[in-house]
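The primary structure of each chain is shown beneath.
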Amino acid sequence: MKMYRSHIMVCKGTGCNSSSSELIAQNFEKELKENGLENEVIVERTGCFGLCALGPVVIVYPEAAFYSQIKPEDVHEIVTEHLLKGRVVKRLLYHESIDGDRLKPLDEVPFYQKQVRIALRNCGVINPENIDEYIAFDGYKALTKALTEMNSEQVIDTIKRSGLRGRGGAGFPTGNKWEFAAKVKDDQKYVCCNADEGDPGAFMDRSVLEGDPHAVLEAMAIAGFAIGASQGYIYVRAEYPIAVKRLTIAIGQARQYGLLGKNILGTGFDFDIELRLGAGAFVCGEETALMRSIEGKRGMPTPRPPFPAVKGLFAKPTILNNVETLANVCQIILKGAEWFSSMGTEKSKGTKVFALGGKINNTGLVEVPMGTTMREIIYDIGGGIPNGRPYKAAQTGGPSGGCIPASEIDVPIDYDNLIALGSMMGSGGLIVMDDTTCMVDISRFFLDFTVDESCGKCTPCREGTKRMLEILERICEGKGEEGDIEKLESLARSIKDTALCGLGQTAPNPILSTLKYFRDEYEAHIRDKKCPAGVCQALLEYKISDEKCKGCGICAKNCPASAISGKPKETYLIDQAKCIKCGVCMSKCPFKAIAKE
Amino acid sequence: MKTIQELEEIRKRTFETIKVRREHSGTRIVVAMGTCGIKAGARDVMVSIMETVAEDNLTDVVIAQTGCTGNCDMEPIVEVYRPGQDKVTYVKMTPEKVAKIVKEHLAKGKVVSEYTMNS
Ligand SMILES: Cc1cc2nc3c(=O)[nH]c(=O)nc-3n(C[C@H](O)[C@H](O)[C@H](O)COP(=O)(O)O)c2cc1C
Ligand code: SF4
Ligand code: SF4
Ligand code: SF4
Ligand code: FES
């Protein structure tokens, strides 16, 4: 490999890729050549840096200059100024990465400062399509260590003592899962990786697969060694084409180096991995459904027991782990259980990746130690809420989770605290809401998702969630009735208790959680026919202000429902019974005299 | 199939080529690349630093560049930062002079005082 004095890392994560980062990379290559720099400076395409809101993102080393929102036409200036003349182009730097005249090191940039990157350690740092770069940053060292210096009990013991818990939702201790499967005797066992990632808002698994695919392969091989499996499957959704491509390349390179396949590193251990593409049904992320889908059957959940550790894929002992869970494994083997368990809270060790979305300035991916508070995530890392609006709640755990209200913003986030608050960790989607979000509407949104994704196998989930959704829709339309809240609560209880799989069992959570903290909003919808956040269209009234209306009549001319009347030069009036809440009048009034409330 | 030793070799070799992406604590050699520097031959100096560092298999060295340092009559200018040592500024550099700096200062830590600012 050649030595280059400067490395241009162009983010080709899904976010940046969709905003022309490939063209940016190509422009760099072209400009470097035109300036005779192609032997000094190299362009690398990486996975997500985390700050997707600022994409396309480019980092230039050795200065670690963080360029954000780069356009293809900006490339010329970066090459001729920064790379040719050594003058960083201040205009294009992420504003929080400069401190007067000084370029801040990346770990001093507020977005990265409180983060600890274990699962995301290589994302944005290596070229994920080059196995040598992964190896350079200690890749396949953990596998070597496990195969040559440890036996399977020691590997399992290390994972157990580290306290690593599943990052796919339920938080089950990973070492215990491996131990169960290791203890079952059978001639064939399997390791599966759950890369289905169905939670709305979550994209950490995709980012790991795109940015550091070998980390998952290496961890699966270690898991195979630990439980005595020789075959692994990665179940990845077909909607993740970049992830699929990079996994395919990574598997090919690992086989070529003999890091997958027969007699790995000459140790006598055999392990290979195949990809299985999922069609993107949410329920296929559930472990039993996922295994049925890999077997080529319809992805529907089956009752447990028998547990997969005993009778899983093809009726053989199987472990299934989430992508992010696996992305922690190699570092734990390399650095030890104590290193990992020194981070986090008493019962939740290590770090967790969150996908920040909703009303937040820095949407993107962040990895923080367990026990970080919502306030730190939103304000210190996420840069706060746009336009300085107040924090109302954060939704975690996707359709299986609930909301963290403002009163609980300082609770350290870990598995148990989130459950105690009536939410859950889930896969780590984190949707921030300000005072313009209607909590009834949010639960309607998640329930709508569940109803769509229910596989229909069991009645409570198939019928019960539909009933709940009907009630919520009615409430949002201003047709809520006394007793609706009680009906929702009793339906929720019975669905939770009787649904077959996790999808149905957790479906009522968003409703129960919003009822717990924002019951008054439900009551306002039902009793007063008002939406306090001003979201539910049917409950809003368009009103014309006495002071501002000039009586021009433009609104009346444009109203499709002929709901507005008045005399020229006098205040016009909206007939609420006729108004269909289309909002046309408000957008047409030249004097901003119409408001909705 | 790679052996464990071969893997180790790939690791070392590749790490040397991509370590600029990690926090760096070793030696930094910085070439001033303002318009005046480039005019005085800073690019040839830069290229020869890269070549000599590669030829001599020097590890733990990062080559960087900076803008004009304000001493235009002394260009090309090269600065060397080594941990535990004050910054050393070399002036009126040529590819030949700079090769000596790489071999003496970067490799062995010995300042080549006849090329420094004050001599
Ligand atoms: C309806 C449903 C959907 C799920 N979707 C996912 C998913 O997309 N990704 C995932 O890793 N786990 C998902 N899970 C959790 C998995 O069933 C399983 O617990 C997890 O993959 C185990 O890995 P872990 O122990 O490493 O977390 C889902 C569970 C349910 C009930
Ligand atoms: S709970 Fe819902 S998704 Fe799960 S098996 Fe029953 S119907 Fe299917
Ligand atoms: S358009 Fe505005 S100003 Fe004109 S009559 Fe309607 S409300 Fe009044
Ligand atoms: S919201 Fe639409 S229907 Fe209602 S008054 Fe305005 S223009 Fe007419
Ligand atoms: S996709 Fe580029 S920073 Fe996330």
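Attention here is on the structure that accompanies the text. (Residues numbered from 1 in each chain as written. Chains lettered and ligands numbered in written order. Predicted model: local features only at pLDDT ≥ 70, side-chain atom pairs only at ≥ 80, totals over all residues. Heavy atoms only, no water.)

Describing the overall build of chain B
Just so we agree on the cut-off: Put simply, DSSP marks the helices as runs of H or I at least four residues long and the strands as runs of E at least two long, and each gets a number from the N terminus on. Any residue under 20% of the maximum accessible area for its type is buried, any over 50% is exposed, and the rest in between are partly exposed; the area is computed with a 1.4 Å probe on protein chains only. Contact criterion: two residues are considered in contact whenever any of their non-hydrogen atoms come within 4.5 Å of each other. The method behind every accessible area is Shrake-Rupley, applied with a 1.4 Å probe, and residues are considered shielded solely by the protein chains displayed.
The secondary structure content of chain B amounts to four helices and four strands. Going from N to C terminus, chain B has its helices and strands arranged as α-β-α-α-β-β-β-α. Oriented by its inertia axes, the alpha-carbon framework of chain B measures out at about 55 × 25 × 25 Å. When the 119 residues of chain B are sorted by exposure, 45% land in the buried category. Across chain B, every contact between residues at least 6 apart in sequence was considered, and the portion connecting residues at least 24 apart equals 61%. Approximately 5800 Å² of chain B is accessible, and the part contributed by carbon and sulfur atoms is 48%.

Quick look at the packing of helix α10 (residues 213-227) of chain A against helix α11 (residues 241-256) of chain A
All names here are of chain A. We count it as follows: Lines fitted to C-alpha atoms define the axes here, with helix axes fitted over just the stretch in contact, and angles between the N-to-C directions of these axes take values from 0 to 180 degrees. In what follows, roughly perpendicular refers to angles from 65 to 115 degrees, roughly parallel to angles under 35, roughly antiparallel to angles over 145, and oblique to any angle outside these ranges. Helix crossings are classified by the rotation of the near helix relative to the far one: an anticlockwise turn of less than a right angle makes the crossing left-handed, while a clockwise turn makes it right-handed.
As a packed pair, α10 and α11 sit with axes 9 Å apart at the nearest point and diverge in direction by 55°. Accordingly, the angle class assigned to the pair α10 and α11 is oblique. As for how α10 packs across α11, the hand of that crossing is right-handed. Here Pro213, His214 and Leu217 of α10 come into contact with α11, specifically with Arg246, Leu247, Ala250, Ile251, Gln253 and Ala254.

Some thoughts on the site of ligand 2
As a reminder, the rule being used: For this description, a residue counts as near a given molecule or strand if any of its non-hydrogen atoms is within 4 Å of it. Classes in brief: Ala, Val, Leu, Ile, Met, Phe, Trp, Tyr, Cys and Pro nonpolar; Asp, Glu, Lys and Arg charged; the others, Gly included, polar.
Within the structure, ligand 2 sits among 13 residues, and Cys455, Lys457, Cys458, Cys461 and Cys501 of chain A are positioned closest to it. Class assignment of the residues belonging to the shell around ligand 2 gives a composition of nine nonpolar, three polar and one charged.

As for the nonpolar core
Convention followed: Only buried residues count toward a nonpolar core. Its members are Ala, Val, Leu, Ile, Met, Phe, Trp, Tyr and Cys residues joined through side-chain atoms within 4.5 Å. Domain borders in the structure are assigned automatically or taken from a domain database.
Core analysis: the biggest nonpolar cluster contains 78 residues, and Tyr140, Trp178, Leu217, Ile234 and Phe271 of chain A have the highest contact counts within it. When residues of this core are sorted by domain, at least three fall in each of domain 2 (131-342) and domain 3 (351-434) of chain A. Every residue in contact with isoleucine 234 of chain A, bar those within four places of it in the chain, is listed here: Cys193, Ala195, Leu217, Met220, Leu247, Ile273, Glu274, Leu275 and Arg276 of chain A. Ranked by size, the runner-up nonpolar core spans 40 residues in total, among them Leu51, Tyr391 and Met425 of chain A together with Val20 of chain B.

Notes on the environment of glutamate 40 of chain A
Stated formally: Each polar contact in these results corresponds to two N or O atoms within 3.5 Å; when the atoms are within protein, one needs to be able to donate a hydrogen and the other to accept it, and residues that are neighboring in sequence are counted only if both atoms are side-chain atoms.
Inspection of the secondary structure assignment puts glutamate 40 of chain A in the loop between α2 (21-34) and β2 (41-46). Considering only alpha carbons, one finds glutamate 40 of chain A and lysine 347 of chain A, 307 residues apart in sequence, at a separation of 49 Å. Beyond its immediate stretch of four places on either side in the chain, glutamate 40 of chain A contacts Tyr4, Arg5 and Ser6 of chain A together with Arg43, Met46, Val47 and Met50 of chain B. A distance of 2.7 Å separates the side chain of glutamate 40 of chain A from the side chain of arginine 5 of chain A, its partner in a polar contact. At 2.3 Å, the side chain of glutamate 40 of chain A forms a polar contact with the side chain of arginine 43 of chain B.

Re the interface of chain B and chain A
Put simply, the rule reads: A 1.4 Å probe defines the accessible area here, and the buried area is the portion of it lost by two parts on being joined, summed over both. For this document, the term salt bridge refers to a Lys or Arg side-chain nitrogen within 4 Å of an Asp or Glu carboxyl oxygen.
Taken residue by residue, the interface counts 33 residues in chain B and 45 residues in chain A. Counting each side, the surface lost to burial between chain B and chain A is near 3400 Å², with a carbon and sulfur contribution of 62%. Ranking the residues of chain B by area buried against chain A places Arg11, Arg21 and Gln65 of chain B at the top, with a combined share of 22%. Where glutamate 40 of chain A meets arginine 43 of chain B, a salt bridge forms, and the shortest distance between an N and an O atom there is 2.3 Å. If you look at where chain B meets chain A, you find 11 residue pairs in polar contact (both at pLDDT 80 or more).

Some thoughts on the sheet that holds strand β8 (residues 231-237) of chain A
Residue and element names in this part refer to chain A. Let me state the cut-off plainly: Any two strands with at least two DSSP bridges between them are considered paired.
In space, the five strands of this open sheet follow the order β9-β10-β8-β7-β11, with mixed pairing throughout. The outermost strands of the open sheet, each flanked by one partner alone, are β9 (261-264) and β11 (318-322). The mean inter-strand angle of the sheet, taken between neighbouring strand axes irrespective of direction, is 25°. Of the pairings in the sheet, the one linking strand β7 (residues 190-195) to β8 comprises six bridges and is parallel in character. From the neighbouring strand, alanine 195 faces β8, where its bridge partner is valine 236. Helix-sheet contacts for α11 involve β8 and β10 (269-278), and the interaxial angle to β10 is about 165°.

What about the pattern of salt bridges?
All names here are of chain A. A full pass over the atoms with the stated rule returns 59 salt bridges over all chains. With a closest N to O distance of 3.5 Å, arginine 91 and aspartate 74 form a salt bridge. Highlighted residues: arginine 91 in the loop between α3 (75-85) and β5 (98-99) and aspartate 74 in the loop between β4 (65-67) and α3, separated in sequence by 17 residues. With a relative accessible area of 55%, arginine 91 lands in the exposed category. In this structure, glutamate 523 and arginine 519 form a salt bridge, with 3.9 Å as the shortest nitrogen-oxygen distance. In this pair, glutamate 523 and arginine 519 both sit in helix α21 (residues 509-528), four residues apart, roughly one turn of the helix. If you follow the salt bridges from partner to partner, you end up with Lys12, Glu22, Glu29 and Arg45 in one network.

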